[in-house]
Amino acid sequence: MSLRGKAGKEMNICPVCGGSESSVAARAGAYEMLNCANCGLGYSEPMRAAPSSRYNVTDYFARWEFARFIGRIPGKGRKLLDVGCGKGIFLKMAERVGYDVYGVDFNGPALKTARQKLPAVMIEEGKAEDFLKRHPELRFDAITAFHVLEHLEDPAGFLISSARHLTRGGMLAVSVPNPLRWQLKYGTEEWDVPPHHLTRWNFNSLNTVFDKAGLKIVFSSAETGFGNDLAYVHAVLNRSWGILSKFKRTPVYNLSQKTGTAGVSGVIGKAAGIKRKLMYIPAVPAVLIAKMTGWHAPGGVSLYVEAVKR
Ligand SMILES: [Zn+2]
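Residues numbered from 1 in each chain as written. Predicted model: local features only at pLDDT ≥ 70, side-chain atom pairs only at ≥ 80, totals over all residues.

**Things to note about the overall build of the protein**
Inference 1: When its secondary structure is counted, the protein shows ten helices and 13 strands.
Inference 2: A total of 310 residues make up the protein; the buried ones form 37% of that total. (Helix = DSSP H or I, 4+ residues; strand = E, 2+ residues; numbered from the N terminus. Buried ≥ 20, exposed ≤ 12 C-beta atoms within 10 Å, placed from the backbone.)

The following block contains the structure:
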């Protein structure tokens, strides 16, 4: 948010805590990424998202957060909405453990795959807030939004309307990129600037915005998934070896984007799964070196929080 101050100087207001002191963290075209001096949120000026067509080329892959959530929160007979469900990888996982699942995403082409995988499930295209407005009667025991918050023009508004649609004691789980992830030592990543990512979060700014939405954080974690490790090996190779940068998708990149065998059944599915696991073997030494040299310090690639309605 931009205001004119007394001296006609432009004043930027943090969309989470309202703080007006900030410094410029990055510039991308007509956008600036500002760092709030009060809560630590990184936010875009202006807060204007990329058109939804931007996401039609985005790959979705299985994340460690999926397994973390499934392992922690029992699903049987409970209603779950996945915001930013993409191709339905997490929806399928949640359905398997007994959740009654719903999905929303503004990536139309990805939703086609999701609908094929889950033909009986209500999956709608558009913004989460519009989905919730269209279905005022729906209440969820869990709403998940993995790597969604950083794309939104109004993250607080999204959390407030999500909280309204939670049952008493209902759970909202989100994850965002960790601004302290190790690969930033190698420079800014082109996907982590506006208008693709409008905000950068830490646990403090997450706490502030959840509190505003009437939600209490009960669990938080910062981890790195194996797929992420592979993606980083790819990123480093791209930066270190100029020749590789000509190939946007190295074999390591492709490997990091594999999404499991959801939707493929029988012998073919099993064979594909085994082949995929074998393909990981050559990448293991690189990942081990990354772990041992402390490249991951001081934390994981993503921040994950679970919050309950107060
Ligand atoms: Zn702030």
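Back to the text.
**Some remarks on the packing of helix α5 (residues 155–164) against helix α6 (residues 203–212)**
Inference 1: With their axes 8 Å apart at the nearest point, α5 and α6 run at an angle of 50° to one another. Relative to α6, α5 is oriented oblique. Every pair of crossing elements has a handedness; the one defined by α5 and α6 is right-handed. Every residue of α6 that contacts α5 at P155, A156 and L159 is listed here: V209, F210 and K212.
Inference 2: Taken together, the residues of the contact of α5 with α6 sort by class into five nonpolar, no polar and one charged. (Axes fitted to C-alpha atoms, helices over the stretch in contact; angles between N-to-C directions. Parallel < 35°, antiparallel > 145°, perpendicular 65-115°, else oblique. Left-handed = near helix turned anticlockwise from the far one by under 90°. Contact = placed C-beta atoms within 7 Å. Nonpolar A, V, L, I, M, F, W, Y, C, P; charged D, E, K, R; others polar.)

**Thoughts on unusual backbone geometry**
Inference 1: Here the amide bond leading from E45 into P46 is cis, since omega sits at 0°, within 30 degrees of zero.
Inference 2: Its location among the elements puts P46 in the loop between β5 (42–45) and α1 (64–72).
Inference 3: In this structure, H147 is a non-glycine residue whose phi angle is positive, near 55°.

**Some details on α6**
Inference 1: Buried residues of α6: S205, L206, T208, V209 and F210, and no others.
Inference 2: Following α6 by one or two positions, G214 has its phi on the positive side, about 75°.

**Concerning the sheet that holds strand β12 (residues 215–223)**
Inference 1: Pairing in this open sheet of seven strands is mixed, and the strands run β8-β7-β6-β9-β10-β13-β12 from one edge to the other. Only two strands of the sheet have a single neighbouring strand rather than two, namely β8 (122–125) and β12. Within this sheet the neighbouring strands show an average axis-to-axis angle of 15°, counted without direction.
Inference 2: Judged from the five bridges that link them, strand β6 (residues 79–83) and strand β7 (residues 100–105) form a sheet pairing that is parallel. (Pairing = 2+ DSSP bridges.)

**Section: the pairing of β7**
Inference 1: Counting buried residues in β7 gives five out of six residues, a clear majority hidden from the surface.
Inference 2: On the question of chirality, the crossover connecting β6 to the parallel β7 by way of helix α2 (residues 89–96) is right-handed.
Inference 3: In this fold, the crossover linking β7 to β8 by way of helix α3 (residues 108–117) has right-handed handedness. (Right-handed = clockwise from strand over helix to strand, strands pointing away.)

**Considerations on the sheet that holds strand β4 (residues 31–36)**
Inference 1: The four strands are arranged β3-β4-β5-β11 in an open sheet whose pairing can be described as antiparallel. For this open sheet the edge positions go to β3 (22–28) and β11 (199–200), each flanked by a neighbour on one side alone.
Inference 2: In this structure, β4 lies alongside β5, joined through four bridges in antiparallel fashion. Across the sheet, residue M33 finds its bridge partner in β5, namely S44.

**Quick word on the environment of A94**
Inference 1: The residue A94 is located in helix α2 in this model.
Inference 2: For the pair A94 and K76, spaced 18 residues apart in sequence, the C-alpha to C-alpha distance is 9.5 Å.
Inference 3: Setting aside chain neighbours within four positions, we find A94 in contact with I70, G75, L80, D82, Y99 and V101.

**Digging into the pairing of strand β9 (residues 140–146)**
Inference 1: Across the seven residues that make up β9, a large majority, seven, are buried.
Inference 2: Sheet topology note: the β6/β9 ladder contains three bridges and is parallel. In the sheet register, D82 faces β9, and the bridge partner there is T144.
Inference 3: Relative to strand β10 (residues 166–177), β9 runs parallel, the two sharing six bridges. Across the sheet, residue A142 finds its bridge partner in β10, namely M171.

**Re the confidence of the model for the protein**
Inference 1: For the protein, mean pLDDT is 80; residues scoring 70 or higher make up 67% of the total.
Inference 2: Overall, residues 241–250 carries pLDDT values under 50, and its contacts beyond four positions in sequence, including any with other chains, amount to seven contacts.
Inference 3: Per-residue pLDDT stays below 50 along residues 256–264; that stretch engages in 21 contacts with residues further than four places along the chain or on separate chains. (pLDDT = per-residue confidence, 0-100.)

**What to know about the environment of M33**
Inference 1: Tracing the backbone through its elements, the reader meets M33 in strand β4.
Inference 2: On the neighbour-count criterion, M33 (22 C-beta atoms within 10 Å) is buried.
Inference 3: On a C-alpha basis, the gap between M33 and M47 in space is 9.5 Å, while along the polypeptide they are 14 residues apart.
Inference 4: Setting aside chain neighbours within four positions, we find M33 in contact with A25, A26, G42, S44, V193 and P194.

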